[in-house]
Amino acid sequence: MAAASGLLSEERFLCSVCLDVFNQPVSTPCGHNFCSACIHKYWDSIDICQCPFCKRIFSSRPELHVNTVMSELAEEFAKMAQVKASTPAPGLPEKADILCDICAETKAEAVKSCLMCLTSFCEIHLEPHQRILGLKSHTLIDPVSNLDDRMCKKHNKITELYCRTDRTCICVLCFKTDHKSHSVVSQEEEYEAVIVKKDEVMANIQKMIQSRFDKIDEIENSLDVSEKEADKEKEASVQSFTDFIHSLQRSQAELVAVIEERLRATKQKAKSFLKELRMEVAELESRSSQLKQLSQSEDHHRFLQTFPTLGPPPNKDWTDISVSSDLSFEAVRGAVARVKHRADAIVEKIPEIKMKKMREHAVDLTLDPDTAHYSLVISQDGKEVATATTQSFPNNPKRFEMYPEILAKEGFTSGKFYFEVQVKAKSKWAVGVVRESVDRKGDTDLSVSDGYWTIGLDGGVYYAYENSTVTFTLTEKLQKVGIFVDYDEGVVSFHDVDSKSHIYSFSGCQFTEKLYPYFCPQDNTDTINSAPLIITPLPETN
């Protein structure tokens, strides 16, 4: 059973191409794992693309990615194999390394160790123990190293007894003194009692090993399903956006065509009007010129005969004639803008994207010692604060004097800002923002009406400190809290950084003065709330 299990565990982490432990394992679409270099070298050496294990043929070479779970397990297996190769099994004698303690020059390999003499003997030097009556009664065992470890450090005697009460090997004097009332038996008796349980223990270990392998299979299968679902979702999402983009581009082209057609019609209409107006101008200028010449003539008869024909032609009323076209499509632009805003709003609700957007407004904060309560200790870099014993600080009008509270040096009067606070290993705490004029000397509540917008933990219960305290539950204990403030919109929201989930929000706030990040590590009277609140740096974002 054990051998089979060992073979099974080894095969799981060996590449079937190079027959060595996986190096950067990748998974083929058929579910088999190979070293990245091995599978690519194998495919480069053949004309078709197929799995070396099951011979399944792929129409095109798959794009492979390192299987991170299998990679980590392979690394652990390699480490365990290395340790197992260099370390003997617990309790087994290291015969090859144990030499005779009696040999003077070239030491021979020991064949037995004497628990009475605390000495290891080779075949030659063991002879007296087999011949002399007094030595024959000594207890001989297979060679072991560190015989001194079998001596009682307190009484300098062999530890030949076993205390079941304290689960330790003891000597006779220990039994008569420190272990007098304990359950004590000989080591041989305890060995016989324990060896009976060996098979059951080994069976349980094998069950645990198999359960781990079952869990590995479950996780790997789950990972495969997740990868397939992710690929399917990516494909569907990309297709949706592609269709949407094509639809917008088609609508855009149709709208542009309509605008251009209307503009062409307007130009044609304007061209016709301009031609007619220019012809009328030419006609009028001709009549004006003829009248000017006629007026200079002294032929009265001709003047009287010609003048009536040179008068103004029938006057066309151009007053209400204009060139205009409805080229405004503001309603269309407004509809497109609303669709874009709606799509952006939906996408930004995705926790990872929402967290990324908030972190774009991250601010670098430093704790302000001038505001620190007398019981607070601040780290040298100004990023950590914990509750200690009362200290002596100079008086300062900005200092909190009733509770262990402190503010950041930085305050904000507009825009958005975001910061993260580690609350790990704390049993009580409160964080958030407060207005600058908050009462720092009296006994005030953590309420909105008193200028606090905070959440906290106390007695295992999470609170949002509205004017009336609100409790809420979380599936996992908070390790790190993200605080996002939109001053202009009047919103203070709190988020679980690890799960990237929303916790609680204060909305509809009317901020009229500077806001300061607020930290309260609470008291440490129960000695289990000593961990600090830590302003944590944000990870690099692309």
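In this text the structure is predicted, and so the values were computed from the model without any measurement.

Colleague: Help me understand the overall build of the protein chain in this model?
Modeller: Secondary structure assignment for the protein chain yields 11 helices and 23 strands. Relative to its full complement of 542 residues, the protein chain shows a buried share of 30%. Taken as a whole, the protein chain presents about 35100 Å² of accessible surface, with 53% of it coming from carbon and sulfur. Looking at the protein chain, you have 64 positive and 82 negative side-chain charges, and the mean spots of the two groups are 2 Å apart.

Colleague: It is not clear to me how the sheet that holds strand S9 (residues 168-170) should be interpreted in this structure. Could you clarify?
Modeller: Two pairing modes exist for strands in a sheet, parallel and antiparallel, and in both the strands are linked by backbone hydrogen bonds. If you trace the 3 strands from one edge of the open sheet to the other, you get S9-S8-S10, paired in antiparallel fashion. Only two strands of the sheet have a single partner each, and these edge strands are S9 and strand S10 (184-186). Across this sheet, the average inter-strand angle for adjacent strands is 35 degrees, counted without regard to direction. Direction of pairing for strand S8 (residues 161-163) relative to S10: antiparallel, over a ladder of 3 bridges. Among the inter-strand pairings, Tyr-162 is bridged to a residue of S10, identified as Val-185. This element, helix H7 (residues 187-195), spans S8, S9 and S10 of the sheet and lies at about 90 degrees to S10.

Colleague: Hey, could you run me through the sheet that holds strand S6 (residues 119-121) in this one?
Modeller: In space, the 3 strands of this open sheet follow the order S6-S5-S7, with antiparallel pairing throughout. A single partner strand is all that each edge strand has here, and the edge strands are S6 and strand S7 (140-141). Sheet topology note: the strand S5 (residues 112-114)/S6 ladder contains 3 bridges and is antiparallel. Bridge pairing in S6 links Lys-112 to Phe-121.

Colleague: Can you walk me through the state of the cysteines in this structure?
Modeller: A covalent bond between the sulfur atoms of two cysteines is what we call a disulfide. Per the stated rule, a full pass over the model turns up 0 disulfides. Here Cys-38 is not cross-linked by a disulfide; its sulfur's nearest cysteine counterpart is in Cys-18, at 3.7 Å.

Colleague: Teacher, can you tell me more about unusual backbone geometry here?
Modeller: Note on backbone geometry: most residues besides glycine have negative phi, and most peptide bonds are trans. Here the phi dihedral of Gln-24 falls at roughly 50 degrees; this positive angle occurs in a residue that is not glycine. Structurally, Gln-24 can be placed in the loop between helix H1 (2-11) and strand S1 (25-27).

Colleague: Explain the pairing of strand S14 (residues 416-422) to me, please; I cannot follow it from the model alone.
Modeller: The side chains of a regular strand alternate, residue by residue, between the two faces of the sheet. For S14, a buried count of 5 out of 7 residues is recorded, marking the element as mostly surrounded by other parts of the structure. Here S14 runs beside strand S23 (residues 533-535); their pairing, made up of 2 bridges, is antiparallel. Directly across from Gln-422, in S23, lies its bridge partner Ile-534.

Colleague: Explain a nonpolar patch on the surface here, please?
Modeller: Together, Phe-244, Leu-248, Val-332, Val-336 and Val-339 make up a nonpolar patch on the protein surface, roughly 360 Å² of accessible area in all. Those elements that place two or more of their residues in the nonpolar patch are helix H8 (198-295) and helix H10 (330-347). Ranked by residues supplied to the nonpolar patch, first place goes to H10 with 3 residues. Among the structural elements, Val-336 can be located in helix H10.

Colleague: What exactly am I supposed to notice about the packing of aromatic side chains here?
Modeller: The geometry of an aromatic ring pair is captured by the separation of the ring centres together with the interplanar angle, meaning the angle of the planes. According to the stated counting rule, one finds 14 aromatic pairs in the structure shown. Taken together, a centroid distance of 6.5 Å and an interplanar angle of 75 degrees make the contact between Phe-400 and Tyr-518 edge-to-face. Residue Phe-400 is found in the loop between strand S12 (384-387) and strand S13 (406-407), and its partner Tyr-518 is found in strand S22 (residues 515-520); the two are separated by 118 residues along the sequence. Arranged with centres 4.0 Å apart and planes meeting at 15 degrees, the rings of Phe-412 and Phe-417 form a pair that is stacked. Note on accessibility: Phe-412 and Phe-417 belong to one class, buried.

Colleague: Help me understand the pattern of salt bridges in this model?
Modeller: Side chains that differ in sign of charge can pair as their charged atoms come close. Within the structure shown, the criterion is met by 15 salt bridges. Arg-61 is the partner of Asp-44 in a salt bridge, and the nearest nitrogen-oxygen pair spans 2.9 Å. Here Arg-61 lies in the loop between strand S4 (57-58) and helix H3 (68-86) and Asp-44 lies in helix H2 (residues 36-44), a separation of 17 residues in the sequence. Note on Arg-61: relative accessible area 42%, which makes it partly exposed. Between Asp-523 and Lys-428 there is a salt bridge, with the nearest N and O atoms lying 2.7 Å from each other.

Colleague: When you look at the side chain of Ser-493 in this model, what are you seeing that I'm missing?
Modeller: Along the chain, Ser-493 turns up in strand S20 (residues 491-496). With relative accessibility at 5%, the residue Ser-493 sits in the buried group. Polar side-chain contacts of Ser-493 include one of 2.9 Å to the side chain of His-495. Dropping the residues within four chain positions of it, Ser-493 is found in contact with Gly-482, Ile-483, Phe-484, His-502, Tyr-504 and Ser-505.

Colleague: What is the right way to read the confidence of the model for the protein chain from this model?
Modeller: Across the protein chain, the average pLDDT comes to 84, with 93% of residues at 70 or higher. Across residues 1-8, where pLDDT falls below 50, the model places 5 contacts with residues more than four positions away in sequence or in other chains. Here residues 88-95 is modelled with pLDDT under 50, and outside its nearest four sequence neighbours on either side it reaches 7 contacts, counting other chains as well.

What counts, and at which threshold
- Residues numbered from 1 in each chain as written.
- Predicted model: local features only at pLDDT ≥ 70, side-chain atom pairs only at ≥ 80, totals over all residues.
- Heavy atoms only, no water.
- Helix = DSSP H or I, 4+ residues; strand = E, 2+ residues; numbered from the N terminus.
- Buried < 20%, exposed > 50% of the residue type's maximum accessible area, 1.4 Å probe, protein only.
- Areas by Shrake-Rupley, 256 points an atom, 1.4 Å probe, with all protein chains shown as cover.
- Lys, Arg positive; Asp, Glu negative; His and termini not counted.
- Charge placed at Lys NZ, Arg CZ, Asp CG, Glu CD.
- Pairing = 2+ DSSP bridges.
- Axes fitted to C-alpha atoms, helices over the stretch in contact; angles between N-to-C directions.
- Contact = heavy atoms within 4.5 Å.
- Disulfide = S-S within 2.5 Å.
- Patch = residues over 30% accessible without salt bridge, like charges linked within 9 Å, V, L, I, M, F, W, Y side chains within 5 Å.
- Salt bridge = Lys/Arg side-chain N within 4 Å of Asp/Glu carboxyl O.
- Phe/Tyr/Trp six-rings, centres within 6.5 Å; stacked < 30°, edge-to-face > 60°.
- Polar contact = N/O pair within 3.5 Å; in protein donor to acceptor, adjacent residues only side chain to side chain.
- pLDDT = per-residue confidence, 0-100.

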